[in-house]
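Each chain is listed here by its residues.
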Amino acid sequence: MRTITLINGDGIGPEISESVVKIIDAAGLKIDWDVQTAGADVIESEGTPLPNRVLKSVKRNGIALKAPVTTPIGKGFRSVNVQLRKDLDLYANLRPCKNLPNIKTKFDDVDLVVVRENTEDLYAGIERQVDENTAESIKIITKNASERICKFAFNYAVNNNRNEVCVVTKANIMKLSDGLFLNTYREVAENYPQIKQREILVDNLCMQLVQNPSQFDVLVLPNLYGDIVSDLCAGLIGGLGVAQGANIGYDCAVFEPVHGSAPDIKGQNKANPTALLMSAVEMLRYIKEFDYAQKIEKALFKTLNDNIKTFDIGGSSSTTDYTDAIIKNL
């Protein structure tokens, strides 16, 4: 039996975690869940939203499923997610974006993957106050980080029968930093002749995505662009409530939905577990439980096609009714 860390989060986190655990159990896959609490609910008792025991659990098990965690405002702790990525060196943020059945969107042919560098760039938050009128943020791009994220993107393309990896930069303006990322991509690409290569500027990409997203396959981006573009792509498939995600390193991987903890609907049985469930499906593929992943995904898709949906995606089902319907369709 595989042991997997379950960070059940706060806000709606425990509700959607319970839903996903029930569905995986009903599918017949036995997992020993190492449940770890984190976020706003543990600050008072442990003095931090991310206790060391959580990090130790993920390091020990090598894999985690994580529900949304609230980051406290004004408490000196930048982000639980950022801290997890830093401490576990989860250098690759993986965001598959594909239309789900019976969810109304502007486009019905979206099937792309955003691969975002996770450890540096402006998003790393290295800042200083120069004087009372001037603040400075430092953008750091390194050869090592650029190389490993580009290799990750190309390897993902090869292993998942993808045809193209498109690099996204603003290298026409930031010729040194984005230029380094672009040149590293070109060097890595030489080792993958079977994968098509494409280069695009980030502003042009955003325009193209809202006009014709089906032209893109795998996108590889520095950290800040990746953060923005991945949410744009989530909007193309119905919003953050259905957007899955993963943060992957050499030794650990954390699979999580993109959306927040939604404390305003906590305990109301309205939460949508789809994004966490799709993240769990990606996690099952990662640990090579392909049959269970396909089984759960098919049951989810049938449920959506039967027009059983939660409120946020145009339905009227509660969290428990939605969960029970998916389990029935297994």
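In this text, all values refer to a predicted model and were calculated from it rather than measured experimentally. (Residues numbered from 1 in each chain as written. Predicted model: local features only at pLDDT ≥ 70, side-chain atom pairs only at ≥ 80, totals over all residues. Heavy atoms only, no water.)

(A) Seen up close, the layout of surface pockets. Its boundaries defined by the atoms lining it, the largest pocket holds a volume of some 850 Å³. Lining the largest pocket we find 30 residues, and of these L94, Y156, N160, E282 and R285 sit closest to its centre. Looking at the lining of the largest pocket, the elements that each hand over two or more residues are β4 (92-98), β5 (111-117), α5 (143-159), β11 (244-248), α9 (274-286) and α10 (290-305). Residues that form the lining of the largest pocket fall into these classes: 17 nonpolar, five polar and eight charged. For the second largest pocket, the calculated volume is near 410 Å³. Surrounding the second largest pocket, 26 residues form its lining, N81, R85, Y123, E256 and V258 being those nearest its centre. Broken down by secondary-structure element, the contributors of at least two residues to the lining of the second largest pocket are α4 (80-88), β4, α8 (223-236), β11 and β12 (253-257). Residues belonging to the lining of the second largest pocket are distributed by class as follows: nine nonpolar, 10 polar and seven charged. (1 Å grid on protein atoms, 1.4 Å probe; cavity = no way out; pocket = protein on both sides within 12 Å on 5 of 7 lines; lining within 4 Å. Points joined across faces, edges and corners; volume = space filled by probe spheres on them. Helix = DSSP H or I, 4+ residues; strand = E, 2+ residues; numbered from the N terminus. Nonpolar A, V, L, I, M, F, W, Y, C, P; charged D, E, K, R; others polar.)

(B) Quick peek at a nonpolar patch on the surface. A cluster of nonpolar side chains, namely I126, I138 and I140, defines an oily patch on the protein surface of about 200 Å² accessible area. The exposure class of I138 is partly exposed, given its relative accessible area of 32%. (Patch = residues over 30% accessible without salt bridge, like charges linked within 9 Å, V, L, I, M, F, W, Y side chains within 5 Å. Areas by Shrake-Rupley, 256 points an atom, 1.4 Å probe, with all protein chains shown as cover. Salt bridge = Lys/Arg side-chain N within 4 Å of Asp/Glu carboxyl O. Buried < 20%, exposed > 50% of the residue type's maximum accessible area, 1.4 Å probe, protein only.)

(C) Region of the structure containing empty space enclosed by the protein. Following the criterion strictly, the structure yields one cavity of 30 Å³ or more and no others. Here the largest cavity defines a volume of roughly 40 Å³. K66, N81, L84, R85, L90, N247, V254 and E256 are the residues that line the largest cavity. Those elements giving two or more residues to the lining of the largest cavity turn out to be α4 and β12. Residue composition of the lining of the largest cavity, by class: three nonpolar, two polar and three charged.

(D) Fine view of the pairing of strand β7 (residues 134-137). Across four bridges, the pairing between strand β6 (residues 127-131) and β7 is antiparallel. Of the residues in β7, the one forming a bridge with D131 is T134. From the end of β6 to the start of β7, which pair antiparallel, there are two residues. (Pairing = 2+ DSSP bridges.)

(E) Fine view of the side chain of S57. With respect to the element layout, S57 can be found in helix α3 (residues 52-61). Exposure remark for S57: the relative accessible area of 0% places this residue in the buried category. Among all residues touching S57, those that are not within four sequence positions of it are T5, D34 and Q36. (Contact = heavy atoms within 4.5 Å.)

(F) Spotlight on the environment of S317. Mapped onto the elements, S317 comes out in the loop between α10 and α11 (319-329). Under the relative-accessibility criterion, S317 is labelled buried at 13%. With 10 residues separating them along the chain, S317 and N307 place their C-alpha atoms 9.5 Å apart. Discounting chain neighbours no more than four positions away, the residues touching S317 are I308, K309, T310, F311 and Y322.

(G) Quick peek at the nonpolar core. Core analysis: the biggest nonpolar cluster contains 82 residues, and L65, V115, V165, L205, L219 and V220 have the highest contact counts within it. Excluding anything up to four places from it in sequence, V165 contacts A153, F154, A157, Y185, I195, K196, Q197, R198, V218 and V220. Formed by 14 residues, the second largest nonpolar core is a distinct cluster that contains V54, L55, L88 and V254. (Core = buried A, V, L, I, M, F, W, Y, C linked by side-chain atoms within 4.5 Å.)

(H) Fine view of α3. Buried within α3 are the following residues: V54, L55, S57, V58 and N61. Axial view of α3: buried residues confined to an arc of 160°, hence all on one face. Exposed and oriented more than 90 degrees from the buried face of α3 are N52, K56, K59 and R60. Buried residues along α3 sit in contact with β1 (2-7), β2 (31-36), β3 (63-66), α4 and β12. Phi turns positive one or two residues past the end of α3, at G62, with a value near 80°. (Arc of directions from axis to C-beta.)

(I) Spotlight on α11. Of the positions making up α11, those classed as buried are T319, Y322, T323, A325 and I326. Burial along α11 is one-sided: seen end-on, the buried residues are contained in an arc of 160°.

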